[in-house]
Amino acid sequence: MGTDMRYKVTPRARELLHSLRRIEADIQPYVVFASSDAQNEWSSLQRLWPSNVALESGLIDLSETDLGRMESRVRRFGEIVRGLAGSKFMASAEDHAVPVGPYRAAATFVTFPT
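Remember, it's a predicted structure, so these values are computed and weren't measured experimentally.

Cut-offs used in this document
- Residues numbered from 1 in each chain as written.
- Predicted model: local features only at pLDDT ≥ 70, side-chain atom pairs only at ≥ 80, totals over all residues.
- Heavy atoms only, no water.
- Helix = DSSP H or I, 4+ residues; strand = E, 2+ residues; numbered from the N terminus.
- Expected span 1.5 Å × (residues − 1).
- Buried < 20%, exposed > 50% of the residue type's maximum accessible area, 1.4 Å probe, protein only.
- Arc of directions from axis to C-beta.
- Contact = heavy atoms within 4.5 Å.
- Phe/Tyr/Trp six-rings, centres within 6.5 Å; stacked < 30°, edge-to-face > 60°.

Novice: How should I be thinking about helix α1 (residues 11-27) in this particular structure?
Specialist: Three or four residues apart is the spacing at which side chains of an α-helix point the same way, because the helix has 3.6 residues per turn. A rise of 1.5 Å per residue sets the reference length of α1, with its 17 residues, at 24 Å; its end C-alpha atoms lie 24 Å apart and thus fit the reference within 8%. If you check which residues of α1 are buried, you get A13, L16, L17, S19, L20, I23 and I27. All buried residues of α1 project into a common sector of 160° when viewed along the axis, lining one side. Turned more than 90 degrees off the buried face of α1, the exposed positions are P11, R22 and A25.

Novice: Honestly, the side chain of S19 in this entry has me stumped. Any pointers?
Specialist: Following the sequence through the fold, S19 ends up in helix α1. Here S19 falls in the buried class, since its relative accessible area comes to 5%. Apart from the residues lying within four places of it in its own chain, the contact partners of S19 are E71 and R75.

Novice: I'm lost on the environment of L17 in this one. Help?
Specialist: Residue position: L17 is located in helix α1. We classify L17 as buried; its relative accessible area is 3%. Residues L17 and W49 lie 32 residues apart in sequence; the distance between their C-alpha atoms is 7.9 Å. Excluding residues that lie within four positions of it along the chain, L17 makes contacts with P50, L55, I60 and L67.

Novice: Sorry if this is basic, but what is going on with the packing of aromatic side chains here?
Specialist: Within a pair of aromatic rings, the relevant descriptors are the distance that separates the centres and the angle that separates the planes. Enumeration over the complete set of coordinates arrives at two aromatic pairs. Relative to W49, the ring of W42 lies with its centre 5.9 Å away and its plane at 90°, an arrangement referred to as edge-to-face. The exposure class assigned to W42 is buried, which follows from its relative accessible area of 1%. Among the residues examined, W49 registers a relative accessible area of 10% and is labelled buried. With a centroid separation of 5.2 Å and an interplanar angle of 5°, the aromatic rings of W42 and F77 are classed as stacked. Separated by 35 residues along the polypeptide, W42 in helix α2 (residues 36-48) and F77 in helix α4 (residues 64-93) bring together distant segments of the chain. Members of the aromatic cluster, connected to one another through ring pairs, are W42, W49 and F77.

Laid out in C-alpha cells, this is it:
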C-alpha cells in the first residue's frame, strides 16, 4: 500500500519555497526561449511545488532535502534558459535592427527583441 509521506513546514522549508517562487518569477519570461520538452519539464517541476493551501495546513509532500534539490535544479534550469534567451537574442538582433537618426549611413541601430 502506498502511503503518502507528509512533512512539517519548517522555517527552512518556507525559506526554500520562497526561494523557488522568486526564482520562478525570474525565470518565467525566459521559458519561451526553451524547447517544448524543456517547457514541459518546467511545467512538471512547477506542479510539484506545494500549494498555498498545503503551506497553510502546515504539511507538504516534499522534505527539506527534496526542496533543496529542487531549488538547485530550478537554479540550473534558469541559467540554461537565460543563456538560450541571450544567444537567440544576439543571433537575431542584426535581423531586427532598425536605423535611427536622420542619416542612414551614420545611423545608430536600435535592436528589438523578437
